Amino acid sequence: MAKYQDVVDLIADQLGLSADEITADSRIVEDLGAESADIANIMAAAEDRLGIKIEEDKIQQIEKVSDLYAVLTLD
Amino acid sequence: MPTQISTDVQELAGIETLMDMLEFRAAKTPDREAFWFNERSTDFADLWDQVCCVGTHLQNMGIGSGDRVMIVFPNGHEFFAAFYGIQLAGGISVPIYPGSGIKRALSIYTSCDAKAIIVPSDTPDELVETYQAAMKSFGGNLYRISDCLATSRAANFSKPDPDDIAFLQYTSGSTGNSKGVMLSHRNLLANLRQMVTAAEIDNDEVIVSWLPVYHDLGLILMTMAPFYTGARLILLPTTLTRISTWAETIHRFKATFTAAPDIGYRQLVRQVRDPSKYDLSTLRIAVNAAEPIRVKTVQTFEQMFNVPNFTKPCYGLAEACVGLSFWGLESRPIKSDDNGNVAIGNPLPGVEFKIVDGSEEVKLGEIGEIVFKSPSATRGYYRNSDATENLFWRDGFLRTGDLAYQDADGDIFMVAREKNIIKQSGRTIAPREIEELVEDFHEIRNCAAVGINRNDLAGEQAYVFAELRLAPENIKLGTADIARRIVREIHARLGFRPGRVYLVKKQTVPYTYNGKIRHNDLKNSYLDGTLAAQGRLIYPPVKVPEND
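Along each chain, numbering runs from 1 in the same order as the chain's sequence is written. Think of it this way: whatever chain is written first is A, whatever ligand is written first is 1, and the rest follow in order. A pLDDT threshold of at least 70 governs which residues receive local features in this predicted model, and a stricter bar of 80 or more applies before side-chain atom pairs are shown or counted, although totals over entire chains, interfaces and linings include all residues. Each side-chain value is worked out from all heavy atoms of the structure, with water and hydrogens disregarded.

**Quick notes on the pairing of strand β5 (residues 116–119) of chain B**
Residues and elements named next belong to chain B. Exposure categories follow from relative accessible area, calculated using a 1.4 Å probe and restricted to protein chains: below 20% of the type maximum is buried, above 50% is exposed, and the middle band is partly exposed. Think of it this way: any DSSP run of H or I at least four residues long counts as a helix, any run of E at least two long counts as a strand, and we number them from the N terminus. Neither face of β5 is exposed, since A116 and I118 on one face and I117 and V119 on the opposite face are all buried. Two strands form a pair only when DSSP identifies at least two bridges running between them. One ladder, built from three bridges, connects strand β3 (residues 68–71) with β5; its direction is parallel. Looking at β5, one finds that V69 is bridged to A116. Regarding the hand of the β-α-β motif, the stretch spanning β5, helix α6 (residues 125–135) and strand β6 (residues 141–144) is right-handed. For the handedness criterion, the strands are oriented away from the viewer, and a crossover whose path from the first strand over the helix to the second runs clockwise is classed as right-handed.

**Examining the domain arrangement of chain B**
All names here are of chain B. An automatic or database domain assignment is the source of the domain bounds shown. Assigned domains within chain B: domain 1 (9–178), domain 2 (186–415) and domain 3 (419–539). Spacing between the C-alpha centres of domain 1 and domain 2 amounts to 25 Å. Should any heavy atoms of two residues lie within 4.5 Å, those residues are considered in contact. Contact with domain 1, which involves 45 residues of that partner, is made by 38 residues of domain 2. For the pair domain 1 and domain 2, the summed buried area comes to about 3,300 Å², and 58% of that belongs to carbon and sulfur atoms. Throughout, the accessible surface (probe 1.4 Å) given up by two parts as they are put together, summed over both, is called the buried area. Counting the surface domain 1 buries against domain 2, the share from its top three residues, W36, N75 and Q169, is 21%. In the sections that follow, a salt bridge refers to a side-chain nitrogen of Lys or Arg positioned within 4 Å of a carboxyl oxygen of Asp or Glu. Joining domain 1 to domain 2, the criterion identifies four salt bridges. Between D113 and R383 there is a salt bridge whose closest N-O contact spans 3.6 Å. Here a polar contact is recorded for every N or O atom pair within 3.5 Å, except that within protein the pair must consist of a potential hydrogen donor and a potential acceptor, and residues adjacent in sequence are included only if both atoms are side-chain atoms. One can count 21 residue pairs in polar contact (both at pLDDT 80 or more) joining domain 1 with domain 2. Broken down by secondary-structure element, the contributors of at least two residues to the side of domain 1 that touches domain 2 are α1 (9–13), α2 (18–28), β1 (33–37), α3 (44–60), α4 (78–88) and β7 (165–170). Examining the composition of the side of domain 1 that touches domain 2, we find that six residues originate from one element, β7, more than from any other. Across the side of domain 1 that touches domain 2, the residue classes break down as 29 nonpolar, seven polar and nine charged. Each residue receives one of three labels: charged for Asp, Glu, Lys and Arg, nonpolar for Ala, Val, Leu, Ile, Met, Phe, Trp, Tyr, Cys and Pro, and polar for the others, Gly being one of them.

**Examining the pattern of salt bridges**
With the rule as written, the count across this model stands at 38 salt bridges over all chains. With a closest N to O distance of 2.8 Å, E11(B) and K28(B) form a salt bridge. Of this pair, E11(B) sits in helix α1 while K28(B) sits in helix α2; the two residues are 17 residues apart in sequence, bridging distant segments of the chain. Accessibility expressed as a relative area gives 33% for K28(B), which makes it partly exposed. Here K296(B) ties to D440(B) by a salt bridge, and the two come within 2.6 Å at their closest N and O atoms. Linking K296(B) in helix α12 (residues 295–304) with D440(B) in the loop between α14 (431–439) and β23 (444–453), this pair joins segments that are 144 residues apart in sequence. Shared partners join several salt bridges into a network, and the residues in it are E47(A), D48(A), K53(A), R454(B) and R500(B).

**Digging into the interface of chain B and chain A**
A common measure of how large an interface is: the accessible area buried when the components associate. The interface is formed by 22 residues belonging to chain B together with 26 residues belonging to chain A. Interface area for chain B against chain A, summed over the two sides, is near 1,800 Å², with a carbon-plus-sulfur share of 41%. D13(A) is the salt-bridge partner of R484(B), the closest N and O atoms lying 2.6 Å from each other. For the side of chain B that touches chain A, the secondary-structure elements that each account for two or more residues are α15 (479–494) and β25 (500–504) of chain B. If one sorts the elements of the side of chain B that touches chain A by residue count, α15(B) sits on top with five residues. The residue makeup of the side of chain B that touches chain A, split by class, is eleven nonpolar, four polar and seven charged.

**Observations concerning the packing of aromatic side chains**
Residue and element names in this part refer to chain B. Aromatic pairs are defined between Phe, Tyr and Trp rings, using the six-membered ring for Trp, whenever the two ring centres lie within 6.5 Å; interplanar angles under 30 degrees are classed as stacked, those over 60 as edge-to-face, and all others as tilted. Counted according to the given criterion, the structure contains 24 aromatic pairs over all chains. Measuring from centroid to centroid gives 5.2 Å for F83 and F167, while their planes differ by 70°, and the two rings are edge-to-face. In this pair, F83 sits in helix α4 while F167 sits in strand β7, placing the two residues 84 residues apart along the sequence. Considered together, F83 and F167 belong to a single accessibility category, that of buried residues. The interplanar angle of 50° and the centroid separation of 5.7 Å between the aromatic rings of F301 and F305 together place this pair among those described as tilted. The rings of F35, F44, F79, F80, F83, Y84, F167 and F227 are connected pair by pair, giving a single aromatic cluster. We call a charge positioned over a ring when the NZ of a Lys or the CZ of an Arg lies within 6 Å of the ring centre and within 35 degrees of the ring normal. Positioned above the aromatic ring of Y381, the side-chain terminus of K179 is 4.9 Å from the ring centre.

**Observations concerning the nonpolar core**
Most often, soluble globular proteins keep nonpolar side chains buried together rather than apart. Within the largest apolar cluster, 121 residues are counted, with the highest numbers of intra-cluster contacts made by Y84(B), I118(B), I220(B) and F227(B). For this core, the element with the most residues is helix α9 (residues 216–229) of chain B, which contributes nine residues. When residues of this core are assigned to domains, at least three map to each of domain 1 (9–178) and domain 2 (186–415) of chain B. Y84(B) has contacts with L18(B), M19(B), M21(B), L22(B), V51(B), M224(B) and F227(B), leaving out every residue within four places of it along the chain. Residues belong to one nonpolar core when they are buried, are Ala, Val, Leu, Ile, Met, Phe, Trp, Tyr or Cys, and are joined through side-chain atoms within 4.5 Å. With 26 residues, the next largest nonpolar core counts L17(A), A34(A), I39(A) and V65(A) among its residues.

So, in structure tokens, the structure goes:
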């Protein structure tokens, strides 16, 4: 199971942000500036770093950082 | 006093083999220094004597015409006696990188069906025994060079013909796919004359080299050319503990000629704190070759050491012995295009280039594969007819696998090798674009970028492997910050974010002998989990499967 801070670190690393720029409510595309390849790379990084594979059909449900955390925690 | 000599073009023109060359030097300039290494000189008479002893020993041991003998030597006094002694006995030298693992060494040994191996005097007994045990199943003998040198020299040798193969130049690569480029005495003499003529190397030259003596640039340009012309060779180990030793040695010997791949100059400008300690103004030529040349390296090097326009880009490859082009002697800055590609200079005398796509030449300005014709060109790869067949384009031209284009002035610019190009989200990215930018971070020592395709939505993505300058325990705080700044910088400057940025341990990025990054080997060792298993990936953390 992922810790919230792991998810923040992962997004920060992929998008080149500092952790304090990211909140649970940040929208990954609109607020954090991720492009579609970045989202796929975040999923790949989640698999490599946390050992959690996110099915591609779940990606639609992920808008905010909290959504990603939820997906990673539930699985 | 060393013999006063003047290079006699006519006399040199009569030389047809490397044996003629060494014998000529021993006769004409016996007490002139052939090379200097580790505070000790060997003159041409001694060098020839050593070559004859090794030749005699091998002849006595039954080595004869066309027999392959592998040699595993670092830069130093013993390499040359072994390398040329084999040829004097009529054999073919097979020099390999002394750091090659025994597995690679034996794979080359068997692929060329070698008859013997010669190793340095100080090779530990255990290593000799390991080799001998491994060689048992293949046959052949192992000799320490000290045993060869203890033999008293014979009077007669069955000297090679100009068209005999002098040595097999194994191109670097991972185990199993190395190819032995066949180079004849005629090829080598042709290339020496091309380079000596273009760069006007004569017997007054003082050459400083730390490049590997067992491979193309370090062997042919940096050691054979001075033997040919009678120039002074100051040889350094390839494993310089401090790159500043290079600058120090140029200063100390008032060197006029040196060469290195771009990475050598990059390290020099990064590591030397006080360039005013070294006077490099005696240099006439600083060859930058064997690796893509970076404009910024050249500019920094020339400014820092106040050596304007000393840098001479060159292009070449193992299949042409070594050199094919040279920037020229006139004082002019290197020429680069908007993408940072650097012009390779003029073809050496007798070299012809074409830029082709498939079987046709491309139009001026278009990118294609560069093919060449030269008297220095190999006849092919030893016992590898498939690879040899692929090497030849048509009309006697050989393929290089390198991409280039020609501008309106006729200058040829190399662009990144096709196989390393990263195609990310519809863009075409040369690894160098990323690598240069990342190496500007003072925390980063080296960097390599490769394309990784995980077959997910993203498709191929650039994965960046940046070597940290310091040990990770000294920068525990802040690795995440460095990685994130790298992503930000790539995004700001190149307009995309890489698939991953890994901060890795020193010496994770693999290089060829000549300082080219082995992108494919890096990619494979990442994909098969070797990098993670060896603990080379420092940040971000990787989850290693628990059942493994």
